[in-house]
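Residue strings, one per chain:
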Amino acid sequence: MRDIAALTFTTLDGVMQAVRLPDEDRSGGFTSGGWAAEYWDPVMDQVQKEAMAEPYDMLLGRKTYEMFSGHQDSSMNNGHVYVVSSGKTDLRWTNTTFLSGDVVSDITEVKSQDGPLLQIHGSWQLIQTLLAADLIDEFRLWIFPVIVGAGKRLFDCDVETGTLELVKTAPTGNGAIMSVYRKSD
């Protein structure tokens, strides 16, 4: 069985919407896009070392997949990519599987197979679905010293209560902090 890890960038107040670009996601009237831009390079160096060095497959929502699809030759695409969407999308990457319909059942099936870690990158709606189904085993969070108020939050739905174990933490040197939490047994 494989684990699922949510790799997420959040503000100090938990917002994960429109991290890098001002127009990345304006849904809900969000106007604070690009809040992580000034911290980006040191954070991405740490992400490469801490979260992307080991083999992994990706779980992406359609919008995140479309944003990432220009990076086919990068280290992001060494494994298999599972794209979750209620509508069809153009699958440009090789080793990509489209999942639609009963997403929880489909991802539970993928999780039960042998293979590397499944990492969710971005994909707010997918994270909410998997949180509600209690399918996320680990949270790889980069918390930025920014407060934006309103926006899509990491824990925006009713989640199974419980405790998490902090397994790793480190600053980036520019005020952002990496914290890796695993579900406690």
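Preceding block: the structure.
Below is a short write-up of the structure. (Residues numbered from 1 in each chain as written. Predicted model: local features only at pLDDT ≥ 70, side-chain atom pairs only at ≥ 80, totals over all residues. Heavy atoms only, no water.)

One open sheet accounts for eight strands, arranged S4-S3-S2-S5-S1-S6-S8-S7; its pairing is mixed. The open sheet has two free edges, formed respectively by strand S4 (96-99) and strand S7 (164-171), since each of these has just one partner strand. Across the sheet, the axes of successive neighbouring strands diverge by a mean angle of 20°, strand direction being ignored. Relative to S4, strand S3 (residues 81-84) is paired through four bridges, and the arrangement is parallel. Each residue of the ladder has a partner; that of Val-84, found in S4, is Leu-99. The strands touched by helix H1 (residues 40-50) within the sheet are strand S1 (4-11), strand S6 (138-144), S7 and strand S8 (177-183), with S6 carrying the most contacts at an inclination of about 160°. Those strands touched by helix H4 (residues 124-132) are S1, strand S2 (56-61), S3, strand S5 (117-121) and S6, and its axis lies near 105° from that of S2. (Pairing = 2+ DSSP bridges. Helix = DSSP H or I, 4+ residues; strand = E, 2+ residues; numbered from the N terminus. Axes fitted to C-alpha atoms, helices over the stretch in contact; angles between N-to-C directions. Contact = heavy atoms within 4.5 Å.)

Moving on: helix H3 (residues 103-112). Here H3 has its buried residues at Val-103, Ile-107, Val-110 and Lys-111. Down the axis of H3, the buried side of the element spans an arc of 100°, and every buried residue falls inside it. On its buried face, H3 is in contact with S1, S2, S3, S4, S5 and H4. (Buried < 20%, exposed > 50% of the residue type's maximum accessible area, 1.4 Å probe, protein only. Arc of directions from axis to C-beta.)

Right, let's get into the packing of aromatic side chains. Considering all chains together, one arrives at six aromatic pairs under this definition. Pairing Phe-139 with Phe-155 gives two aromatic rings, centres 5.4 Å apart and planes at 55°, and the pair type is tilted. Here Phe-139, found in strand S6, pairs with Phe-155, found in the loop between S6 and S7; they are 16 residues apart in sequence, far enough to count as distant. Given the relative accessible area of 44%, Phe-155 is considered partly exposed. Aromatic ring contacts, followed pair by pair, group Phe-9, Trp-35, Tyr-39, Trp-40, Trp-142 and Phe-144 into a single cluster. (Phe/Tyr/Trp six-rings, centres within 6.5 Å; stacked < 30°, edge-to-face > 60°.)

Before going further, it helps to examine the pairing of S1. With eight of its eight residues buried, S1 lies for the most part within the structure. Where burial is concerned, the two faces of S1 agree: the one with Ile-4, Ala-6, Thr-8 and Thr-10 and the one with Ala-5, Leu-7, Phe-9 and Thr-11 are both buried. One ladder, built from four bridges, connects S1 with S5; its direction is parallel. Looking at the pairing, Leu-7 lines up with His-121 of S5. Taken together, the seven bridges between S1 and S6 define a ladder with parallel strand orientation. Bridging across to S6, Phe-9 finds its partner in Trp-142.

What follows concerns the pattern of salt bridges. One pass over the structure, following the stated rule, counts ten salt bridges. Lys-183 serves as the salt-bridge partner of Asp-134, at 3.2 Å between the closest nitrogen and oxygen. Note that Asp-134 is positioned in the loop between H4 and S6 and Lys-183 in strand S8, a separation of 49 residues in sequence. A salt bridge links Arg-182 to Glu-138; the shortest N-O distance between them is 3.0 Å. Highlighted residues: Arg-182 in strand S8 and Glu-138 in strand S6, separated in sequence by 44 residues. Among the residues examined, Arg-182 registers a relative accessible area of 25% and is labelled partly exposed. Relative accessible area serves as the criterion here: at 7%, Glu-138 is assigned to the buried category. When salt bridges that share partners are traced, they join Asp-3, Glu-138, Arg-140 and Arg-182 into one network. (Salt bridge = Lys/Arg side-chain N within 4 Å of Asp/Glu carboxyl O.)

All right, on to the nonpolar core then. The biggest cluster of nonpolar side chains holds 30 residues, and the ones touching the most others in it are Phe-9, Trp-35, Val-43, Val-47, Trp-142 and Phe-144. Listed by contribution, the elements that provide at least two residues to this core are S1, H1, S2, helix H2 (62-68), S3, S6 and S8. Excluding residues within four positions of it along the chain, Trp-35 makes contact with Phe-9, Thr-10, Thr-11, Val-15, Met-16, Gln-17, Ala-18, Val-19, Phe-30, Phe-144, Val-146 and Val-148. Core analysis: the second largest hydrophobic core is formed by 21 residues, Tyr-82, Ile-107, Ile-120 and Leu-135 among them. (Core = buried A, V, L, I, M, F, W, Y, C linked by side-chain atoms within 4.5 Å.)

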